[in-house]
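Residue-level listing of the chains:
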Amino acid sequence: MNVDAGKPLGAARRFLIGAGLLARGLGILLRRPKLLALGLIPALIAGVLYATALFFLIDFLPQLSDAVTWFADDWGETWGDLVQVLAGAGLLGVAGLLGVLSFTAVTLLIGDPFYERISELVEDQYGGVPDGVEAGFWASLGRSLVDSLRLIGLSILVGIPLFLLGFLPLVGQTVIPVLGGAVGGWLLAVELTGVPFQRRGRRLRHRREVLKQNKALALGFGVAVFCCFLIPLGAILLMPAAIAGATLLSREVLGHPTSANLSAGRFADQRPAR
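Attention here is on the structure that accompanies the text.

### Considering the overall build of the protein
- The helix and strand tally for the protein stands at eleven helices and zero strands.
- Sequence-ordered secondary structure for the protein, helices as α and strands as β, is α-α-α-α-α-α-α-α-α-α-α.
- Taking all 274 residues of the protein together, the buried fraction comes to 45%.
- For the protein, the share of sequence-separated contacts (at least 6 apart) that also reach a separation of at least 24 residues comes to 81%.
- By element, 71% of the accessible surface of the protein is carried by carbon and sulfur atoms, the whole surface being about 13,600 Å².

### Observations regarding the packing of aromatic side chains
- Summed over the entire model, instances satisfying the criterion amount to three aromatic pairs.
- Put simply, the rings of Tyr50, Phe103 and Phe229 pair up and form one aromatic cluster.

### Structural notes on the environment of Arg203
- With respect to the secondary-structure elements, Arg203 resides in the loop between helix 7 (194-199) and helix 8 (204-212).
- Linking Arg203 and Asp147, residues 56 residues apart in sequence, is a C-alpha distance of 8.3 Å.

### Focus: the packing of helix 2 (residues 33-68) against helix 10 (residues 234-253)
- It is at 8 Å that the axes of helix 2 and helix 10 come closest, and there the two elements cross at 140°. Classed by the angle they form, the pair helix 2 and helix 10 counts as oblique. Both helix 2 and helix 10 take part in a crossing whose hand is right-handed. Residue-level contacts link Leu36, Gly39, Leu40, Ala43, Leu44 and Gly47 of helix 2 to Ala235, Ile236, Leu237, Met239 and Pro240 of helix 10.
- When the residues that make up the contact of helix 2 with helix 10 are grouped by side-chain class, the tally is nine nonpolar, two polar and no charged.

### Comments concerning the pattern of salt bridges
- For the structure on display, the rule yields five salt bridges.
- One salt bridge in this structure joins Glu123 and Arg200, with 2.8 Å as the shortest N-O distance. Of this pair, Glu123 sits in helix 4 (residues 112-125) while Arg200 is found in the loop between helix 7 and helix 8, placing the two residues 77 residues apart along the sequence. In this structure, Glu123 and Arg200 share a single accessibility class: buried.
- For Glu123, a relative accessible area of 1% translates into the label buried.

Cut-off values and rules
Residues numbered from 1 in each chain as written. Predicted model: local features only at pLDDT ≥ 70, side-chain atom pairs only at ≥ 80, totals over all residues. Heavy atoms only, no water. Helix = DSSP H or I, 4+ residues; strand = E, 2+ residues; numbered from the N terminus. Buried < 20%, exposed > 50% of the residue type's maximum accessible area, 1.4 Å probe, protein only. Contact = heavy atoms within 4.5 Å. Areas by Shrake-Rupley, 256 points an atom, 1.4 Å probe, with all protein chains shown as cover. Phe/Tyr/Trp six-rings, centres within 6.5 Å; stacked < 30°, edge-to-face > 60°. Axes fitted to C-alpha atoms, helices over the stretch in contact; angles between N-to-C directions. Parallel < 35°, antiparallel > 145°, perpendicular 65-115°, else oblique. Left-handed = near helix turned anticlockwise from the far one by under 90°. Nonpolar A, V, L, I, M, F, W, Y, C, P; charged D, E, K, R; others polar. Salt bridge = Lys/Arg side-chain N within 4 Å of Asp/Glu carboxyl O.

Shown next as structure tokens:
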């Protein structure tokens, strides 16, 4: 899976292949509109909650910006206003990073049975899981919750220095957003692949190890999802496709087939979603 991974063109090509997995996941679900609709319900519920939180964040953003820039109160009106604007932009950036990751975690918890089914159908379409492990619902849900909390905690630790670096002129408005997108994309790739990896009895540390060996592929997928999730309604509409794409990513990095060389009837004949 790491052919040409060390070469610039090879890494770029695998990054684009990873980004294309989201589109492939969407294509799979468009052939199952009922399952796609079911997958949208948990995302819609979480979307309402997060839209409310975003409204209050924007409403209180001036006060928050003023609170975190207390040190600039004596800098004069021009410099003080500039620092507050930069602080507001930094707060929105960190909120976007934390919001996307926590939204994904909450949506996965709400819609665990639906997303498990979506992932299972993708696996069946490409030959199933040769090393599958049976896990109870509550045990699986508990592990997902713990892993998600660990990833959100990591994003907070990363978000704080990114917020501080956002105050740097020019760099804070160019390099830091790109770096934030890369970090968010990586964490999303790790988070979304939880379902297919748990099906194989593999935990968070296994995911990180395997994805690190295929970093360009994982980053391509994760960054594509992260950018789409930042678009209004993108996280709601594309959450089921992200699960399908993450299953394809998992199969890729684990060396399982992802080519459509199996009968399409196997996919169509699966039992209805639970």
